[in-house]
Amino acid sequence: MELVIDRVSKQYQNRIAVDRVSVKLHKGVYGLLGANGAGKTTLMRMICGILKPTGGTIAYDGIDVGEEAYRAILGYLPQDFGYYPEFGATDFLLYLAALKGMPKAQAKRRANELLELVSLQEVSRKKIRTFSGGMKQRLGIAQALLNDPKLLVLDEPTAGLDPKERVRFRNLIEKLGRDSIVLLSTHIVSDIEHIADEVLMMKEGQLIYQGKWDEEKGDLETFYLEQFGEECAHE
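The model shown is predicted, which means the values in this text are computed figures rather than measured ones. (Residues numbered from 1 in each chain as written. Predicted model: local features only at pLDDT ≥ 70, side-chain atom pairs only at ≥ 80, totals over all residues. Heavy atoms only, no water.)

A. Quick peek at the overall build of the protein chain. Along its length, the protein chain carries 7 helices and 10 strands. Of all intrachain contacts in the protein chain linking residues separated by at least 6 positions in sequence, the fraction that spans at least 24 positions is 68%. Carbon and sulfur atoms provide 47% of the accessible area of the protein chain, an area that totals close to 11,900 Å². (Helix = DSSP H or I, 4+ residues; strand = E, 2+ residues; numbered from the N terminus. Contact = heavy atoms within 4.5 Å. Areas by Shrake-Rupley, 256 points an atom, 1.4 Å probe, with all protein chains shown as cover.)

Following this line, the structure appears as structure tokens:
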């Protein structure tokens, strides 16, 4: 299990959003840190095949990001995921499962499992438009897990979650990282400092750090402040 990002760049006219990023990811949880505009979301969108790189390649176990087989192993939660407000949570997951080609029986079983996992089972029939921001975010996490992805990409996944939900989420991500590659971006250092097997940091489109973070390196929040000149969020 290996995701290889090789000299990937993305340029918009005179602006370079991602500048020759190379990294290899294996089974585990990777936390992606960086200030706004550092290139995190652009990189993640290229990893998910939504944006085409200006240069470089992305492949999972030799499967190129543009191939159908790559999409089959991918789960993605963008910062603002789309949903149908008149759908119930169960119907929404079943609809997405149908788009992914999942058999009906499997889809129903998986939808029920995921709604229980994200604590939405009791409101599974309620319309999504009645959900709080945190509930919608939990539903977004559930839809990203529908196809039991081997590569899970989460962009600011804890936005809108209360402290109790955030702890539940961290435990879930830690568990998922045992069998898959999980890449999550955040501006909340506490989201990743205890569960990330490795920390990645981006600044001005470049990868400036990759590695394990331990007490010998000092406080991660302090390092973040030194690098990016802004306070990390505390939630």
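B. Broad picture of helix 6 (residues 163–176). The first and last C-alpha atoms of helix 6 sit 20 Å apart over 14 residues, in line with the 20 Å expected at 1.5 Å per residue. Here helix 6 has its buried residues at Glu165, Arg166, Phe169, Arg170, Leu172 and Ile173. Looking straight down helix 6, one finds its buried side chains confined to an arc of 165°; they lie on one side. Structural note: helix 6 exposes Pro163, Lys164 and Lys175 on the side pointing more than 90 degrees away from its buried face. Looking at the buried side of helix 6, the elements it contacts are strand 3 (28–33), helix 4 (104–117), helix 5 (133–144), strand 7 (151–155) and strand 8 (181–185). (Expected span 1.5 Å × (residues − 1). Buried < 20%, exposed > 50% of the residue type's maximum accessible area, 1.4 Å probe, protein only. Arc of directions from axis to C-beta.)

C. How the structure looks around the side chain of Arg138. With respect to the helices and strands, the residue Arg138 is situated in helix 5. When neighbours within four sequence positions are excluded, Arg138 is seen to be in contact with Val118, Ser119, Leu120, Leu161, Glu165 and Arg168.

D. Representation of the environment of Gln143 within the structure. Structurally, Gln143 is set in helix 5. Considered as a pair, Gln143 and Ala89 are 54 residues apart in the sequence and their alpha carbons are 9.8 Å apart.

E. Expanded view of the nonpolar core. Of all hydrophobic cores here, the largest spans 41 residues; its most connected members are Leu93, Leu120, Phe131, Leu139, Leu154 and Ile173. Only strand 3, helix 3 (89–99), helix 4, helix 5, strand 7, helix 6, strand 8 and strand 9 (198–203) provide two or more residues apiece to this core. If we ignore the near neighbours within four places in the chain, the residues touching Leu120 are Leu115, Phe131, Met135, Arg138 and Leu139. (Core = buried A, V, L, I, M, F, W, Y, C linked by side-chain atoms within 4.5 Å.)

F. Representation of the pairing of strand 10 (residues 206–211) within the structure. Examined bridge by bridge, strand 9 and strand 10 share 5 bridges and lie antiparallel to one another. Bridged to Val199 within strand 10 is Gly211. Count of turn residues in the strand 9/strand 10 antiparallel hairpin: 2 residues, of which Glu204 carries a positive phi of about 55°. (Pairing = 2+ DSSP bridges.)

The analysis is restricted to geometry; functional conclusions fall outside its scope.
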